[in-house]
Amino acid sequence: DFSKAMSQAGSSQFQEVIRQQLEYSMKLELDKILATAPSNELEHTENDLEGFKKLFHRFLQEKGPSVDWGKIQRPPEDSIQPYEKIKARGLPDNIASVLNKLVVVKLNGGLGTSMGCKGPKSLIGVRNENTFLDLTVQQIEHLNKSYNTDVPLVLMNSFNTDDDTKKILQKYSHSGVKIYTFNQSRYPRINKETLLPIAKDVSYSGENTECWYPPGHGDIYASFYNSGLLDNLIAEGKEYIFVSNIDNLGATVDLYILNHLMNPPNGKRCEFVMEVTNKTRADVKGGTLTQYENKLRLVEIAQVPKAHVDEFKSVSKFKIFNTNNLWIALSAIKRLQEKNAIDMEIIVNPKTLDGGLNIIQLETAVGAAIKSFENSLGINVPRSRFLPVKTTSDLLLVMSNLYSLNAGSLTMSEKREFPTVPLVKLGSSFTKVQDYLRRFESIPDMLELDHLTVSGDVTFGKNVSLKGTVIIIANHGDRIDIPAGALLENKIVSGNLRILDH
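Bear in mind that the values here come from a model prediction, so they are computed numbers and not experimental data.

Right, let's talk about the UniProt feature "binding site: UTP" (unreviewed entry) in the chain for a bit. Listed under "binding site: UTP" (unreviewed entry) in the UniProt record, and renumbered for this structure, are Lys 121, Gln 184, Gly 216, Asp 247 and Lys 390. Residue position: Gln 184 is located in the loop between strand E6 (179–183) and strand E7 (187–188). Residue Gln 184 is classed as buried on the basis of its relative accessible area of 8%. Apart from the residues within four sequence positions on either side, Gln 184 is in contact with Gly 109, Met 156, Asn 157, Ser 158, Pro 214, Pro 215, Gly 216, Asp 219 and Ser 223. With respect to the element layout, Lys 390 can be found in the loop between strand E17 (377–380) and helix H12 (392–399). Since its relative accessible area comes to 37%, Lys 390 is described here as partly exposed. The contacts of Lys 390, once residues within four sequence positions are left out, are Ser 114, Met 115, Lys 121, Asn 245 and Asp 247.

What the 3 strands build is an open sheet, ordered E8-E16-E15; its pairing is antiparallel. Because the sheet does not close on itself, it has two edges, and the strands there are strand E8 (190–191) and strand E15 (347–352). In this structure, E8 lies alongside strand E16 (residues 358–363), joined through 2 bridges in antiparallel fashion. Paired with Asn 191 across the strands is Ile 359, a residue of E16. The strands touched by helix H2 (residues 42–61) are E8, E15 and E16; relative to E16, the strand with the most contacts, the crossing angle is about 105°.

It is worth spelling out the nonpolar core at this point. Judged by nonpolar contacts, the single largest core of 107 residues is most densely connected at Ile 220, Tyr 221 and Phe 460. Per element, the largest residue contribution to this core is 6 residues, and it comes from helix H5 (residues 132–147). Lining this core are residues from two domains, each supplying at least three of them: domain 1 (69–385) and domain 2 (392–494). If sequence neighbours within four positions are ignored, Phe 460 has contacts with Phe 430, Arg 439, Phe 440, Glu 441, Pro 444, Val 454, Leu 466, Ile 472 and Ile 482.

Splitting the chain by domain gives domain 1 (69–385) and domain 2 (392–494). Between the C-alpha centres of domain 1 and domain 2 the distance comes to 30 Å. Opposite the 16 residues of domain 1 that make contact, domain 2 presents 16 residues. Here domain 1 packs against domain 2, burying approximately 1,200 Å² in sum over the two surfaces, 63% of which is carbon and sulfur. Three residues, Met 115, Val 126 and Arg 127, lead the burial of domain 1 against domain 2; their summed loss comes to 44% of the area buried on that side. There are 0 salt bridges connecting domain 1 and domain 2. The tally of links between domain 1 and domain 2 comes to 5 residue pairs in polar contact (both at pLDDT 80 or more).

Turning our eyes to something else, we now look at H2. When the terminal C-alpha atoms of H2 are compared, their 29 Å separation across 20 residues agrees well with the 28 Å that a helix rising 1.5 Å per residue should span. Every buried residue of H2 is listed here: Thr 45, Asp 48, Leu 49, Phe 52, Leu 55, Phe 56, Phe 59 and Leu 60. Seen from one end, H2 has its buried residues packed into an arc of 135°, which puts them on one side. Opposite the buried face of H2, at more than 90 degrees from it, the exposed residues are Glu 43 and Lys 54.

Cut-offs and rules
Residues numbered from 1 in each chain as written. Predicted model: local features only at pLDDT ≥ 70, side-chain atom pairs only at ≥ 80, totals over all residues. Heavy atoms only, no water. UniProt positions renumbered as here; feature names shortened; annotations may be inferred. Helix = DSSP H or I, 4+ residues; strand = E, 2+ residues; numbered from the N terminus. Buried < 20%, exposed > 50% of the residue type's maximum accessible area, 1.4 Å probe, protein only. Contact = heavy atoms within 4.5 Å. Pairing = 2+ DSSP bridges. Axes fitted to C-alpha atoms, helices over the stretch in contact; angles between N-to-C directions. Core = buried A, V, L, I, M, F, W, Y, C linked by side-chain atoms within 4.5 Å. Domains from an automatic or database assignment. Buried area = accessible area lost by both parts, 1.4 Å probe. Salt bridge = Lys/Arg side-chain N within 4 Å of Asp/Glu carboxyl O. Polar contact = N/O pair within 3.5 Å; in protein donor to acceptor, adjacent residues only side chain to side chain. Expected span 1.5 Å × (residues − 1). Arc of directions from axis to C-beta.

Here it is in structure tokens:
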């Protein structure tokens, strides 16, 4: 036992020495990078690299999945409230004064690359030529007009999306919505083998674009605070932010949740509210809320020990997942940020660059900070508040007659008999937005559709109707043209189908 203890002590000392060496080497490399910063970027770059150093330090300290599976418990009953209960309280007469305490923040750091688009994802056309950003501005404009309020919109951009977004913002100068932006940090990607930055200087254009990355939306707390915007909004009397992904078209301002925050039934305000919704088969990988060491805690699939991944995915044990619609008290962000007390697990995101180099990105997620805030709460909201558009399959749903558009908000058509949306899987020929648009002369009628799978070289004519389960598979080298006006109900179409005009 003695020799075992000695060898363990020896190995932990050895690991400590290696850790110190890695941190020292990292510091030297970051200092070299900082030395290349022009004077007008110096302070900003220094802030970014300091933030990265802290994250790297924690990355070296942490071992394996950061949750002890044995400590995970179901959240207590009252810690996740049903939305119906929140809504049943109704709204106060002075809803405008409550709204004037709110700021809407949209996470706008992502590019449209997964859908084959260049530039910010928020500028992809979603419905009647309206982009994600257009719809967001229309929603807040409608809110401000209806209640005579001044709810501002804040966009958290990344260095990838900032320039393009700022150019487009000029078109909203008369919109009746104040729009602010701030940038999330810019961190260096590190070589998976050496754990050193692949960047040699601060530039991030040309061949250096691959050397840097925005470190996930957990960076919102530090970058919002560092931008000075947080303090300005507090000085204006703002008290809460409503944060959501700009591609979640269901994330509109909910007056009932806002009222619950501002006028809590027990008199004790929540500092952090996470909207969760019931899992379906499509959501098994979504992060879930648990009770952990007497605090609400968000557990993501990446933190789960391998032996328990199936249990984590089970819909029976973990019935809900995080929509990433969050309501957070501004004063609490300021307090925790100044104490350096926001604790978020590190997500290690491995990637392979175009040249074949394996790198890792250290990231954090905004919802993971829930355990750092006082009096946190989950609210189990209807599925309609979670309508993300990640792929062209999602885009087909929101462009179709399943939804109607009113003042920037999409609502499910009353003609749809089921409360859930159809399951749509479009094959790789539809991945890029421009290819997808080329393959539909008009978006089919999908009101009675349950399931659609399309694979291969398939095009749709005008006014096609799809009902029940429809599967269309064009074999390699074949092509299927669904003719204009066709009705496909519970059909499998395969092989080769071309109707030619003569």
